[in-house]
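Each chain is listed here by its residues.
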Amino acid sequence: MNRIRTAPPRYWLVALTLVFFLGFPTVISSFLASEWTQALILAIAIMGLNILVGYSGQLSLGHGAFMALGAYVSAILAHRYKMDYLVTVPIAAVFTGGVGFLFGIPALRLSPLYLALATFALAVVTPSLIKRPAGLTGGVQGILVLQPDPPDFAREAFAFVTGTAMTSDQWIYYITLLLAVVLFWLAWNLVRHRPGRAMRAIRDGEVAAAASGVNVAGYKTLAFGISAFYGGTAGSLFALSTGFISPDTFPVSLSIQLLVGAVVGGLASIPGPLLGAIFAFFLPIGSNQWVPSQTWLPDQITSTVKNAGPAVSYGVVLILIMMFAPNGIVGLLRSGYVILNRRLRGASDPKTGQMPPDPQTV
Amino acid sequence: MQEFLQLVVSGIATGGIFASLALALVLIYNAMGLVNFAQGEMAMLATFVAYSLVNRGMSFWIAFPVTLVLAFGGGIVIQRVVIKPAERAPVLTLVIITLGLATLVNGLAGFIWGYVPRSFPSPFSPDSVDLAGVFISYRDLGVIAVSGLVLLCVYLLLQHTTVGLTLRAAAHHPEASRLLGVQVSWMLALGWGLASAVGAVSGMMVAPILLLEPNMMQTIIIYAFAAAVLGGIESPLGAVVGGLIVGVTVNLAGSYIPGVGGDLQLAVGLGIIVAVLILRPNGLFGRAAVRRV
């Protein structure tokens, strides 16, 4: 009992978030649930990017390519070899992780700037690389993915709570939620322990880290591998939730979207990717739905905003966040909490008002 | 053989376009140690400005210098408003800012002009000239001439004027230049303006070949990256040579390497980037980086 009373507020936040995400699909439509599935998938991919960029300091602008790889591995295994889709998810994740690990080896030789450049080029080229082996990937036609029916126990439990039948979308939501929780928990453990400390040491001073006995090359490639593992999982789930993938599912803007999510949520933080994913996913949807519903706007403005709105707002948000709040939403919330706490308790230590550049954990 | 020569000449023409954009990247890299991911989008925006001017009835050869001046001013404004406040931030922060700038400019162009591809008038006649059996289009020759002229102007400006000397000094030794009375911050802005204008040339040259739309430069910027990296990212001469090599290589690869074709030419660009970065990270003309601990 005492343990519960003295638990730091972050545990309460985690519990609340879990309850929210568990209960949410029971009160919203199946379609909305599938949208939140994609937001969660984005959160997984952004967590991968966050481990790479936020914790190990290697900037990748081509993470959409890892998502594409994971999605196609799963879809091809399920479509051509008739495997159970849920079995293909871990295979795709491990495969993509392996490729990411190998990709990390040449990346070691590149300066951060060159790495950004090469990965950006990769992101631009990805769609045309997918189109080419048309026999394997279906070319521009893409691949259809069958969505699984919910099993009996899930169906019964869902019917017991809501009184309605569970759809595949809702089942996929819960699969995604389970994986997201596990992967976030793993990431949290990773960054609190030796590998996480090593990665941060490398990020903050490669030479100093090497001098202190950190295996720089090993941890950098490890970060790449883990990051790709997350990306592959996200891609595989993405194919499952949309039911269809084609080369145009993975444009450059997907990689930009991931970066926006990582930066907006807060680099080098655990809740950051979740908040960033919700922001990056719902911003274009919001602008697509809200703007056309404003009847007083002329039609021409409505249609252009629908097309250009997300790009403009992503761009403005990226620039403003990098200039004024490099720690993202989480950084702002945290400094707000520190200020509030100080007010409430009457403590006035000017030194603690400052946000540390990299808060260690949640 | 004839086909080969024709491919080489048209490769040189596209190479000139890549070279201009690569030179713009190099100018900014030299000034601040930063790769400007928004360079292509800035060029695209300038091309749209030129398009609007020509559409209003202005002749191309008047619209061209007017656009260059506007692009120059635009580059300075962007440096003052977006880049300067974050000047002291880590390079990766700046890279993310330029990426945000690219997204922003892309969206703005879509906002103003829409996403329907438009044909951009070419100032050159569509005919070809027969040079000893090799047919070379006037358009390719024109592109080569304009790109060559611009590159020559930049060279003369950098190497043979006081402004060029101050620019280079501010880029290489900011502290010493400041002590000698150079306004380093404004020199950086000038560098951005210059890069923006040089990039705009590539946009206006490539627009008649591709169609003008907000995503037009997305592939060109990859080739420009390849050119800049191949030339050793800090060398203006390297950018030009790199641009020509990339242009010719991509053109020949598209026709002669089986399985590449038109759609995988971009992958050749990526291949060049990766190969250079792994095999010879300093490029053809770059100096080996010395890291200070």
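That block above? That's the structure.
An account of the accompanying structure is given in this report. This structure is a prediction, so every number in the text was calculated from the model and none was measured.

Re the overall build of chain A
Regarding its fold elements, chain A presents 16 helices and two strands. Expected size for 362 residues packed as a compact globule is a radius of gyration near 21 Å; at 21 Å, chain A falls within 12% of this value. Projected onto the principal axes, the alpha-carbon positions of chain A cover approximately 60 × 50 × 50 Å. Across the 362 residues in chain A, those meeting the buried criterion constitute 54%. Accessible surface, chain A as shown: approximately 16500 Å² in total, 68% of it carbon and sulfur. Put simply, chain A has 21 plus and 12 minus side-chain charges, and the middle of one group is 13 Å from the middle of the other.

Topic: the pattern of salt bridges
Oppositely charged side chains are able to pair whenever their charged atoms sit close together. Residues and elements named next belong to chain A. Inspection of every chain in the model, using the stated rule, returns two salt bridges over all chains. For the salt bridge of R203 with D204, the shortest nitrogen-to-oxygen distance reads 2.9 Å. R203 sits in the partly exposed class, given a relative accessible area of 25%. Overall, D204 belongs to the exposed group, its relative accessible area being 60%.

A look at the interface of chain A and chain B
Taken residue by residue, the interface counts 39 residues in chain A and 43 residues in chain B. Around 3700 Å² of area is buried between chain A and chain B when both sides are counted, 83% of it from carbon and sulfur atoms. Viewed at the interface, chain B and chain A are joined by zero salt bridges. Taken together, chain A and chain B are joined by zero residue pairs in polar contact (both at pLDDT 80 or more). Where the side of chain A that touches chain B is concerned, the elements lending two or more residues are α6 (112-131), α11 (206-211), α13 (252-265) and α15 (299-324) of chain A. Of the residues assigned to the side of chain A that touches chain B, the class counts are 31 nonpolar, five polar and three charged.

Thoughts on the side chain of A:Q170
Residues and elements named next belong to chain A. By the secondary structure assignment, Q170 is in helix α9 (residues 168-192). On the basis of relative accessible area, Q170 is assigned to the buried category, the value being 6%. Those residues within four positions of Q170 in sequence are excluded, and the remaining contacts are P25, I28, S30, A33, F158 and A165.

Section: unusual backbone geometry
Keep in mind that most residues, glycine aside, have a negative phi and that most peptide bonds are trans. Residues and elements named next belong to chain A. Unlike most non-glycine residues, K82 shows phi in positive territory, near 55°. As for its placement among the helices and strands, K82 is situated in the loop between α4 (63-80) and α5 (85-107). Of note in the backbone geometry, A268 takes a positive phi value of approximately 55° without being a glycine. Looking at where A268 falls in the secondary structure, it is placed in the loop between α13 and α14 (272-293).

Considerations on the side chain of A:T249
Residues and elements named next belong to chain A. With respect to the element layout, T249 can be found in the loop between β2 (244-245) and α13. Classification of T249 by relative accessible area gives buried; the value is 19%. Polar side-chain contacts of T249 include one of 2.8 Å to the backbone oxygen of S246. When neighbours within four sequence positions are excluded, T249 is seen to be in contact with F238 and L254.

Comments concerning the environment of A:A75
Tracing the sequence through the fold places A:A75 in helix α4. Those residues in contact with A:A75 that sit more than four places away from it in its chain are A:R80, A:Y85, A:I143, A:V145 and A:I245.

Quick notes on the rules
Residues numbered from 1 in each chain as written. Chains lettered and ligands numbered in written order. Predicted model: local features only at pLDDT ≥ 70, side-chain atom pairs only at ≥ 80, totals over all residues. Heavy atoms only, no water. Helix = DSSP H or I, 4+ residues; strand = E, 2+ residues; numbered from the N terminus. Rg over C-alpha atoms; globule rule 2.2 N^0.38 Å. Buried < 20%, exposed > 50% of the residue type's maximum accessible area, 1.4 Å probe, protein only. Areas by Shrake-Rupley, 256 points an atom, 1.4 Å probe, with all protein chains shown as cover. Lys, Arg positive; Asp, Glu negative; His and termini not counted. Charge placed at Lys NZ, Arg CZ, Asp CG, Glu CD. Salt bridge = Lys/Arg side-chain N within 4 Å of Asp/Glu carboxyl O. Contact = heavy atoms within 4.5 Å. Buried area = accessible area lost by both parts, 1.4 Å probe. Polar contact = N/O pair within 3.5 Å; in protein donor to acceptor, adjacent residues only side chain to side chain. Nonpolar A, V, L, I, M, F, W, Y, C, P; charged D, E, K, R; others polar.

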